[in-house]
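Results of the structural survey
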Amino acid sequence: MPRLGWGLVLAGLVWLAGCASTPPASFYALSPLPEARDRQGSLTEGDLSLGIGPVTLPDFLDRPQLVDRSGANRLEVDEFQRWGGSLRADIVNILSENLAHLLGTSRVLILPTEVRVPVQYRLVADILRFEPGDDGHAHLKVRWALIDPEAETTRAMRESAFRQPYTPGDRDSQVAALSACLGDFSREVATTLLGLPRNYRVAQELLHILAGGGA
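Residues numbered from 1 in each chain as written. Predicted model: local features only at pLDDT ≥ 70, side-chain atom pairs only at ≥ 80, totals over all residues. Heavy atoms only, no water.

Some thoughts on the overall build of the protein chain
To be explicit about the condition: Only DSSP runs of H or I reaching four residues or more are called helices, and only runs of E reaching two or more are called strands; each is numbered from the N terminus. Remark: exposure states derive from per-residue accessible area (1.4 Å probe, protein chains only) relative to the maximum for the residue type, with buried under 20%, exposed over 50%, and partly exposed in between. Note on contacts: a residue pair is in contact if any heavy atoms of the two residues lie within 4.5 Å. Accessible surface area values rest on a Shrake-Rupley calculation with a 1.4 Å probe, where residue burial reflects the displayed protein chains alone.
When you go through the protein chain residue by residue, the secondary structure sums to five helices and eight strands. Taken from N to C terminus, the helices and strands of the protein chain fall in the order α-β-α-β-β-β-α-β-β-β-β-α-α. Within the protein chain, buried positions represent 38% of all 215 residues. The long-range share in the protein chain, meaning contacts at least 24 apart out of those at least 6 apart in sequence, stands at 68%. Only carbon and sulfur atoms are counted for the fraction: they give 55% of the accessible area of the protein chain, which is about 12300 Å².

The following block contains the structure:
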């Protein structure tokens, strides 16, 4: 066989060997709270309405690959372990499902939306950390606020941190721990929201009138 022919054969064999040694990619998705996931039947309209958004996260996390933190300043990006879609969109969807269950209402909207339904409160969140750490825990750190859109008033503002343990070397366990962190965050938001005075707007209007603002 001519030398060029042997060269092409060898190049083809090397290419095939490389393909055979490349591991297949795995894809992951976050999961809602077990009680929200296993809920039977539909939710009622409920007394509360909530809009979610915007929710932001760092660019180094909002990517197809899963990211691990190794030390204070090093990130590990796994090319073959990937999110099934947009991580930010997945987080927002999980928060929506969790909060609809915890608040007992179907009136939870992801903003912006074309559905013209006024909401009583809006949840905004700036996710600062959302990855497995090298300490055996998944971490979520988030600055968030509950806003009254009509009164243009911030009703609650916090910075919260959550962590959940995972099994080292087990990617399924890591994703489950991240989902559990979102579940803890959802519970804190729901508890805070349900603890807000329901007559807040009435009180604000009365204070406005007493201050000479008129009816």
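Considerations on the side chain of Gln174
Along the chain, the position of Gln174 falls in helix 4 (residues 171-194). Excluding residues that lie within four positions of it along the chain, Gln174 makes contacts with Asp68, Pro132, Ala138 and Tyr166.

Considerations on the packing of aromatic side chains
Aromatic rings considered in pairs are described by the distance between their centres and by the relative angle of their planes. Short version of the rule: By convention, a stacked pair of Phe, Tyr or Trp rings (six-membered ring in the case of Trp) has centres within 6.5 Å and planes under 30 degrees apart, an edge-to-face pair has planes over 60 apart, and any other such pair is tilted.
What the rule picks out here adds up to two aromatic pairs. Measuring from centroid to centroid gives 6.1 Å for Phe162 and Phe185, while their planes differ by 45 degrees, and the two rings are tilted. Of this pair, Phe162 sits in strand 8 (residues 153-165) while Phe185 sits in helix 4, and the two are 23 residues apart along the sequence. Overall, Phe162 belongs to the buried group, its relative accessible area being 12%. The exposure class of Phe185 is buried, given its relative accessible area of 2%. Here the aromatic cluster, defined as three or more aromatic residues joined through ring pairs, consists of Trp144, Phe162 and Phe185.

Note that all results are geometric; they support no functional claim without further evidence.
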